[in-house]
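# Examination of the molecular architecture
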Amino acid sequence: MQFRHLLSAIRSRITLRSAIISAVCVGLIFPSAILIPFHLRTIEDAARLRMAEDHKRLADILAVILSEPLWQITPEIANVSSEVVYSDERVAKIEVITLPDHKNFISNDKRMATQTGPFKTLSHEIRHGEQVIGEVKLTMAEDLLLESLRSDRNRYAITAALSLIMAIVFILLVLQWRLVQPIRVLMSESDRLANGELTEPISLNREDELGHLALSLEATRQALQRSFTDLEVKNQQLLEYSGTLESKVRQRTQELENANLNLESALANVNSAQNELARVERMAALGSMVAGVAHELNTPLGNCLLVASTLEEETKNLLNLLEQGAMRRSDLSRYAATAAESTKLLLRGLQQSARLVGDFKQVAVDQSSAQRRQFTLLVMLQELAALLHSSLRKTPFTLELDIPANIELDSYPGPLGQVFTNLVNNAVAHGLDGRSEGHMRCFAQQQGDHVLIVFEDNGKGIPAEIINRIFEPFFTTKFGQGGSGLGLSITFNIISNVLGGEIRVSSVMGQGSRFEISIPLTAPGNLESGNPLLNH
């Protein structure tokens, strides 16, 4: 009994917003929880089957290509021949044994020490003609297979999360369109009725529940109007016949009381309708969640909407000319030019929106996905500079690395690479913008248990009045021109909160800017428990 009362109390407190969001989440999460593990299991089984087939095929190939070197007892040729199979990164060890004396003929396990396994070994006889002359043992590691499976699991998890978010946003938009706006109209009409403004009819061209509610309000308005008219008539008659017989007075008084009862009943209906509208309005307030997301995206998306409406109008004009048979080549050329420019503007606005969304994801510096490892600073920056080369080669700017090869770090290469990328992009977009040539240089030197990384350019420099604000979120000198003001803020947060270091900036106008980054060779935390900063 108590459980039933508790369940009833919980059900009575659940709002429409909570019920809709819960239904959407359960409707998406429940199928995903069933289908995604099944799909991942299917992918894993297929991958393991392919690896087993490759294992057997490589063992067969080794048995064939090593038959002749084993027969002629030429280990050098056998080693060269086995390199064809050993070039496969999954192969950990190749071992050949002569029969029947069971002596080790060749053995190659150079890669096995760098692999973590698990390992599987497959043996195959080596024949020369009909005679068994040896045995080859091929050991393969499953490192790459396990890494691929982990990547699949992460991808499916992200897909499920994005599907849930998109479904909730879509439902909120539909509720805003089909529920919130009509309710506001009905609330306004209800307030008008409460103020006694009964001359204007109430109409809402809908055939759903809200349409029936509008019809009910209109019937209430008509009843109120009739009641007020009857009341005025009765009052006038009462004044005219106040001097007549007492019976007539009682009769008129009874009629007046009946009119008042009708009026009270009509007013009660109005109040009931008002209460119902207020309740529905409160339940429909879940549409307000959309407002927070729209703030930063208003400008680029508004521009895209303006361009799209212009393109739509031009398309209508072209279709009208086509239907009338009056289209000329100049009209088509003008439309093509307008369409090309509109497409360029749309693409620019959407790319800006995408960059904003990507930057917003990194404002919190979600460090839980950062992987810590030991790495060489020079190798990491060289790889990153190679990735940036494709975009830098389209500009007249150059990037130089002057990093000693012996600086080893036990830290987070992903966030450190994000810092380097942000500094390069900031130099190209602000320091070197508008110049016919420019140069960026990054050098480092070890200072005890820290490393000093210096990034500098020969660009325009940073004005003294804003140099103390460049690490503030959303501060940019290119507001409305594609700048979000988040790049250097993200850089500061990564260096301070993830890498355990500090960053300083100096600049001389007309001579460029200089960023000095000091980080420890060993980042805070340890490899077993992970970086504590990444767990918050």
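The shown structure was predicted, so the numbers you read here are calculated from the model rather than taken from an experiment.

Next up on the list: the overall build of the chain. A count of helices and strands for the chain gives 13 helices and eleven strands. With 536 residues in all, the chain has 35% of them scored as buried. Considering only residue pairs separated by 6 or more positions, the chain has 70% of its internal contacts joining residues 24 or more positions apart. Put simply, the chain shows about 32,600 Å² of open surface, and 57% of that area lies on carbon and sulfur atoms.

So, about the sheet that holds strand 4 (residues 131-141). On the basis of which strands lie adjacent, the open sheet formed by four strands has the order 2-1-4-3 and antiparallel pairing. At either end of the open sheet lies a strand with only one pairing partner, and these are strand 2 (103-108) and strand 3 (119-128). Between one strand and the next, the sheet's axes are offset by a mean angle of 20°, whatever the strand orientation. Pairing geometry for strand 1 (residues 91-98) and strand 4, over seven bridges, is antiparallel. Residue Lys93 lies in a different strand from strand 4, and its bridge partner there is Thr139. Contacts from helix 4 (residues 75-86) reach strand 1, strand 2 and strand 4 within the one sheet, and its direction differs from that of strand 2 by about 45°.

Turning our attention to the pattern of salt bridges. Enumeration over the complete set of coordinates arrives at 17 salt bridges. Across the pair Lys56 and Asp60 runs a salt bridge whose closest N-O atoms are separated by 3.3 Å. A residue pair is termed a helical-turn pair when its members lie 3 or 4 positions apart in one helix, as Lys56 and Asp60 do in helix 2 (residues 16-65) at four residues. Residue class for Asp60 comes out partly exposed when judged on its relative accessible area of 24%. Arg504 is the partner of Glu502 in a salt bridge, and the nearest nitrogen-oxygen pair spans 2.9 Å. For Glu502, a relative accessible area of 44% corresponds to the partly exposed category. Salt bridges sharing partners connect three or more residues here, namely Glu400, Asp402, Arg441, Glu456, Glu502, Arg504, Arg514 and Glu516.

For the rest of this paragraph, the subject is the sheet that holds strand 9 (residues 450-457). Taken together, the five strands give an open sheet; going across it, the order is 6-8-9-11-10, and neighbouring strands pair in mixed fashion. Edge positions in the open sheet fall to strand 6 (397-402) and strand 10 (502-508), since each of these has one partner strand only. Going across the sheet, the axis of each strand differs from the next one's by a mean of 15°, ignoring polarity. The strands that helix 12 (residues 413-431) touches are strand 6, strand 8 (438-447), strand 9 and strand 11 (512-520); relative to strand 9, the one it contacts most, it runs at about 20°. Its contacts with the sheet put helix 13 (residues 487-498) on strand 10 and strand 11, and the angle it makes with strand 10 is roughly 140°.

Two elements in contact, helix 5 (residues 143-194) and helix 6 (residues 209-240), have axes whose closest approach is 11 Å; the angle formed by their N-to-C orientations is 5°. Classified by the angle between their axes, helix 5 and helix 6 sit roughly parallel to one another. On helix 6, the residues touching Arg178, Leu179, Pro182, Ile183, Leu186 and Leu193 of helix 5 are Leu210, Leu213, Ala214, Leu217 and Arg221. When the residues that make up the contact of helix 5 with helix 6 are grouped by side-chain class, the tally is nine nonpolar, no polar and two charged.

Before going further, it helps to spend a moment on the packing of aromatic side chains. As enumerated under the stated definition, the model contains two aromatic pairs in all. An angle of 90° between the planes, with centres 6.2 Å apart, marks the rings of Phe420 and Phe455 as edge-to-face. Remark: Phe455 occurs in strand 9 and Phe420 occurs in helix 12; sequence separation between them is 35 residues. A residue is classified by how much of its surface remains accessible, and Phe420, at 5% relative accessible area, is buried. With 5.5 Å between their ring centres and 35° between their planes, Phe471 and Phe492 make a pair best called tilted. Note that Phe471 is positioned in the loop between strand 9 and helix 13 and Phe492 in helix 13, a separation of 21 residues in sequence. Residue Phe471 is classed as buried on the basis of its relative accessible area of 18%.

A word on helix 4. Compared with an ideal rise of 1.5 Å per residue, which puts twelve residues at 16 Å, helix 4 spans 15 Å between its outermost C-alpha atoms and is within 8% of the ideal. Within the span of helix 4, buried status applies to Ala78, Ser81, Ser82, Val85 and Tyr86. Down the axis of helix 4, the sector holding all buried residues measures 155°, keeping them to one side. Pointing more than 90 degrees away from the buried face of helix 4 are the exposed residues Glu76, Val80 and Val84.

So, on to the environment of Asn497. Positionally, Asn497 belongs in helix 13. Considered as a pair, Asn497 and Pro524 are 27 residues apart in the sequence and their alpha carbons are 9.5 Å apart.

The subject of this paragraph is the environment of Ile407. One can find Ile407 in the loop between strand 6 and strand 7 (408-411). C-alpha of Ile407 to C-alpha of Val379: the two residues are 28 residues apart in sequence and 9.9 Å apart in space. Sequence-distant contacts of Ile407, that is, excluding residues within four places in its chain, are made with Phe375, Thr376, Leu377, Ala444, Gln445, Gln446, Val451 and Leu521.

Orientation of helix 12 relative to helix 13, taken along the N-to-C sense of each, is 150°, at an axis distance of 9 Å. The angle between the axes of helix 12 and helix 13 places the two elements in the roughly antiparallel class. In terms of crossing hand, the pair formed by helix 12 and helix 13 is left-handed. Every residue of helix 13 that contacts helix 12 at Pro415, Gln418, Val419, Asn422, Leu423 and Asn426 is listed here: Gly487, Leu488, Ile490, Thr491, Ile494, Ile495 and Val498. Looking at the contact of helix 12 with helix 13 residue by residue, the classes come out as eight nonpolar, five polar and no charged.

This next bit is on the confidence of the model for the chain. When pLDDT is low, close inspection of the predicted coordinates is not appropriate. Confidence in the prediction for the chain averages 76 pLDDT; 82% of positions are at 70 or higher. In the model, residues 274-293 has pLDDT below 50 throughout and makes 33 contacts with residues more than four positions away in sequence or in other chains. Low pLDDT (under 50) marks residues 527-536, which in the prediction has 20 contacts with non-local residues, meaning those over four places away or in another chain.

Turning our attention to helix 5. Residues separated by three or four positions in an α-helix point in the same direction, a consequence of the helix having 3.6 residues per turn. When the terminal C-alpha atoms of helix 5 are compared, their 74 Å separation across 52 residues agrees well with the 76 Å that a helix rising 1.5 Å per residue should span. Taken as a whole, helix 5 carries its principal kink of about 40° at Gln176.

Criteria and thresholds
Residues numbered from 1 in each chain as written. Predicted model: local features only at pLDDT ≥ 70, side-chain atom pairs only at ≥ 80, totals over all residues. Heavy atoms only, no water. Helix = DSSP H or I, 4+ residues; strand = E, 2+ residues; numbered from the N terminus. Buried < 20%, exposed > 50% of the residue type's maximum accessible area, 1.4 Å probe, protein only. Contact = heavy atoms within 4.5 Å. Areas by Shrake-Rupley, 256 points an atom, 1.4 Å probe, with all protein chains shown as cover. Pairing = 2+ DSSP bridges. Axes fitted to C-alpha atoms, helices over the stretch in contact; angles between N-to-C directions. Salt bridge = Lys/Arg side-chain N within 4 Å of Asp/Glu carboxyl O. Parallel < 35°, antiparallel > 145°, perpendicular 65-115°, else oblique. Nonpolar A, V, L, I, M, F, W, Y, C, P; charged D, E, K, R; others polar. Phe/Tyr/Trp six-rings, centres within 6.5 Å; stacked < 30°, edge-to-face > 60°. Expected span 1.5 Å × (residues − 1). Arc of directions from axis to C-beta. Left-handed = near helix turned anticlockwise from the far one by under 90°. pLDDT = per-residue confidence, 0-100. Bend = angle between axes of the 7 residues up to and from the residue.

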